Amino acid sequence: MTEAASKRARFEALAVPLMTPLFNGALRLTHDRRTAEDLVQDVYLRAYRTFDRFVEGTNARAWLFTILYSVFVNHYRRRRREPESLAPQDLESALARAQVEGPPTPETLPTHSEVETALADLPEVFRAAVVLVDLNDLSYEEAAATLGCKVGTVRSRLFRARKLLFSALTDHARKLGYVRRGVRSEDPT
Amino acid sequence: MSMHYETELQDALDGRLDAPAQHDIEAHLAMCSSCRAAYEQLRWVKAALAPLSEAADLPSTLPARIQAALDREDGPANPPVRVARPPAWRGRWVAAVAAAALVIVGVTLLVRSGTTRQDVIVALADDFDTYRASGRVPKLATDDAERLRSFFTAAGLGFEVRVLDLSMMGYRVVGGSLETVAERDVAVLVYRSDRGRIVLCAMYLGNAAGAGGEVHEHAGIRFHLLRLAGRTAVVWQEGRVTCALVADGEPQEVLRLAIAKAMKA
């Protein structure tokens with residue numbers, strides 16, 4: 001096998017199995033299937049061109065998501081006028097709502113599409129933290145490297161993102177009448 | 001409760017605390033209802049997100065499109081192919097598959113001058129070598145039979161691909177590829193055993209009658225057994241679809257495998 005063919009085989013063995021999570025990640029960043037397809041194709045091309053710099057044995061998923069996020073920020077995000085963060089008063093309001101409510105029961109977990117919608121409504125930097133850590137099992141450190149920020153920032157964004165998701169999902173659940181306020185009654189303390 | 005303390009609850013949830021700190025948090029949660037409620041909120045959200053990580057939402061044409069892009073990147077020998085991107089999804093699919101087909105057929109024609117039906121089997125034997133020797137990965141790497149069926153259906157083959165279950169023989173499906181060989185679309189399923197042995201199963205619109213080789217008839221089906229330099233191909237017909245198994249086992253063993261699976265069609 002030639003060196004080029006060997007490189008291609010090694011790259012495909014590493015990167016092809018990750019195409020679905022990369023596409024799902026791209027879709028959650030771009031909100032558009034066609035754009036997500038273009039983005040993922042760009043990621044694979046760029047990854048292939050720089051494959052010699054990938055250190056074997058390190059996390060290929062983190063490496064590809066780093067490329068994905070970089071390409072997204074530099075070439076795709078400009079197409080949208082998306083606020084990177086909630087207005088402070090909106091964020092505090094949502095966090096305050098989450099503060100006083102206990103969780104619904106596990107049986108009242110929201111549907112897949114409800115969670116997707118709530119996730120899509122998050123500010124991009126919060127959504128990215130959730131996509132990397134909760135949906136792709138990246139460590140905080142790997143997510144920080146991917147997003148180009150400090151580990152503490154990932155931690156904080158993730159915390160706020162989860163609070164906002166809780167607030168959004170229970171708002172929806174409350175409208176459907178299956179969320180009650182307050183701490184659960186079986187709490188002995 | 002301060003925000004700082006709440007993020008420690010999150011650290012506990014995400015398994016980021018060392019054992020003593022984790023123990024301290026758990027002890028506190030047992031005592032403090034408000035912290036427990038905050039912890040439960042975070043855990044509930046994490047549980048709600050979990051199904052999204054398993055979402056399999058890959059457009060069926062994307063693997064071929066990326067494959068074609070990598071082919072173009074690789075090959076000064078391959079003329080650059082511009083993938084048109086018309087607005088309609090269908091148009092994009094046609095363009096992507098056409099681009100991939102151009103590259104693959106181009107390579108095939110460089111290697112072989114003939115495009116007879118038997119060339120499909122010869123090409124499969126070549127594929128078998130690359131899967132066996134180089135650990136080549138199928139374009140869609142999955143052991144999920146339903147995903148593989150969907151992958152081939154979306155490719156517009158014109159027939160339903162049957163994902164054979166070879167687990168009784170110690171082989172499990174590891175993926176599938178859509179190949180264009182001798183101007184035909186060929187669905188190729190790749191199976192591996194725990195010991196790394198390979199079986200390829202191919203299906204395409206054709207006629208097995210011209211495959212040649214030794215003919216063995218069983219339960220009204222004619223099986224063509226071809227010996228190909230250390231590999232064995234068994235070819236048979238199921239309706240409009242020609243099926244083939246390629247393996248490197250004893251020829252009679254491969255024939256028995258084909259008979260067992262064809263009988264269940």
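Summary of the structure given here. Computed from a prediction, not measured in an experiment: that's the story for all the values here.

### A short note on the packing of helix α4 (residues 60-76) of chain A against helix α7 (residues 124-133) of chain A
Residue and element names in this part refer to chain A.
- Relative orientation of the contacting elements α4 and α7 amounts to 165°, with a least axis distance of 12 Å. Of the possible angle classes, the one that applies to α4 and α7 is roughly antiparallel. In the packing of α4 onto α7, the handedness of the crossing is right-handed. In this structure, α4 uses F65, Y69 and F72 to contact α7, whose residues at the interface are E124, A128, V131 and L132.
- Taken together, the residues that form the contact of α4 with α7 break down as six nonpolar, no polar and one charged.

### Focus on the sheet that holds strand β5 (residues 221-228) of chain B
All names here are of chain B.
- The strand order β1-β2-β3-β7-β6-β5-β4 describes an open sheet built from seven strands, whose pairing is antiparallel. Among the strands making up the open sheet, the edge pair consists of β1 (171-181) and β4 (214-218). Along the sheet, successive strands turn relative to each other by an average axial angle of 20°, direction set aside.
- Note: strand β2 (residues 184-193) against strand β3 (residues 198-205), six bridges, orientation antiparallel. Among the inter-strand pairings, L189 is bridged to a residue of β3, identified as C201.
- Across the sheet, helix α7 (residues 145-154) is in contact with β1 and β2; its angle to β1 comes to roughly 10°.

### A look at the environment of Y171(B)
Residues and elements named next belong to chain B.
- With respect to the helices, strands and loops of the structure, Y171 is situated in strand β1.
- Residue classification places Y171 among the buried positions, given a relative accessible area of 9%.
- A sequence separation of 26 residues divides Y171 from R197, and the C-alpha atoms of the two residues are 8.2 Å apart.
- Apart from the residues lying within four places of it in its own chain, the contact partners of Y171 are L166, Y191, R192, S193, R197, I198 and V199.

Cut-off values and rules
- Residues numbered from 1 in each chain as written.
- Chains lettered and ligands numbered in written order.
- Predicted model: local features only at pLDDT ≥ 70, side-chain atom pairs only at ≥ 80, totals over all residues.
- Heavy atoms only, no water.
- Axes fitted to C-alpha atoms, helices over the stretch in contact; angles between N-to-C directions.
- Helix = DSSP H or I, 4+ residues; strand = E, 2+ residues; numbered from the N terminus.
- Parallel < 35°, antiparallel > 145°, perpendicular 65-115°, else oblique.
- Left-handed = near helix turned anticlockwise from the far one by under 90°.
- Contact = heavy atoms within 4.5 Å.
- Nonpolar A, V, L, I, M, F, W, Y, C, P; charged D, E, K, R; others polar.
- Pairing = 2+ DSSP bridges.
- Buried < 20%, exposed > 50% of the residue type's maximum accessible area, 1.4 Å probe, protein only.

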